[in-house]
Amino acid sequence: MRKFLNPETIHKPVAPYVHQIEITGPDKWLMMSGQIGMDIEGNIPDDPLEHEEILLEILWERTFLMRP
């Protein structure tokens, strides 16, 4: 089964795509797309380290916590 998800805890997609597709069956797969260091309000920090921090938080939440 496939679920197409745009989690409410991260920014809206900036193009016609979904942030993640969850595929379930005997195993569970999570495919992600369009992950950038943009906060929930749509701001991208000037500081590259802040940009990276936001991106890593998004990836952590999506991959390890697996919350929609």
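Structure first, text after, so check above.
Residues numbered from 1 in each chain as written. Predicted model: local features only at pLDDT ≥ 70, side-chain atom pairs only at ≥ 80, totals over all residues. Heavy atoms only, no water.

Caption draft 1: Geometry of the sheet that holds strand 1 (residues 2-5). As summarised here, the arrangement of the 3 strands in space is 1-2-3, forming an open sheet in which the pairing is antiparallel. Looking at strand neighbours, the two that pair on one side only are strand 1 and strand 3 (28-32), the edges of this open sheet. Averaged over all adjacent pairs, the angle separating strand axes in this sheet is 15 degrees, with direction ignored. With 4 bridges joining them, strand 1 and strand 2 (residues 20-24) adopt antiparallel strand pairing. Bridged to Arg 2 within strand 2 is Ile 23. (Pairing = 2+ DSSP bridges. Helix = DSSP H or I, 4+ residues; strand = E, 2+ residues; numbered from the N terminus. Axes fitted to C-alpha atoms, helices over the stretch in contact; angles between N-to-C directions.)

Caption draft 2: Representation of a negative patch on the surface in the model. Among the surface-exposed residues, Asp 46, Asp 47, Glu 50, Glu 52, Glu 53 and Glu 57 lie close enough to one another that they form a single negatively charged patch. As for its placement among the helices and strands, Glu 52 is situated in helix 1 (residues 48-65). (Patch = residues over 30% accessible without salt bridge, like charges linked within 9 Å, V, L, I, M, F, W, Y side chains within 5 Å. Areas by Shrake-Rupley, 256 points an atom, 1.4 Å probe, with all protein chains shown as cover. Salt bridge = Lys/Arg side-chain N within 4 Å of Asp/Glu carboxyl O. Lys, Arg positive; Asp, Glu negative; His and termini not counted. Charge placed at Lys NZ, Arg CZ, Asp CG, Glu CD.)

Caption draft 3: Region of interest: a nonpolar patch on the surface. A cluster of nonpolar side chains, contributed by Ile 23, Trp 29 and Met 31, occupies part of the molecular surface with about 300 Å² of accessible area. Tracing the backbone through its elements, the reader meets Trp 29 in strand 3.

Caption draft 4: The arrangement of the pattern of salt bridges in detail. Tallying each qualifying case throughout the model produces 2 salt bridges. Between Lys 3 and Glu 22 there is a salt bridge; the shortest N-O distance is 3.9 Å. Pair noted here: Lys 3 is in strand 1 and Glu 22 is in strand 2, with a separation of 19 residues, a long-range link. By relative accessible area, Lys 3 is classed as partly exposed at 40%. Among the residues examined, Glu 22 registers a relative accessible area of 8% and is labelled buried. When the shortest N-O distance is used, the salt bridge between Lys 28 and Glu 22 registers 3.9 Å. Residue Lys 28 is classed as partly exposed on the basis of its relative accessible area, which comes to 49%. (Buried < 20%, exposed > 50% of the residue type's maximum accessible area, 1.4 Å probe, protein only.)

Caption draft 5: Examining the side chain of Gln 20 more closely. By the element assignment, Gln 20 lies in strand 2. Once residues within four sequence positions are removed from consideration, Gln 20 is found in contact with Lys 3, Phe 4, Leu 5, Pro 7, Leu 30, Met 31, Met 32 and Arg 62. (Contact = heavy atoms within 4.5 Å.)

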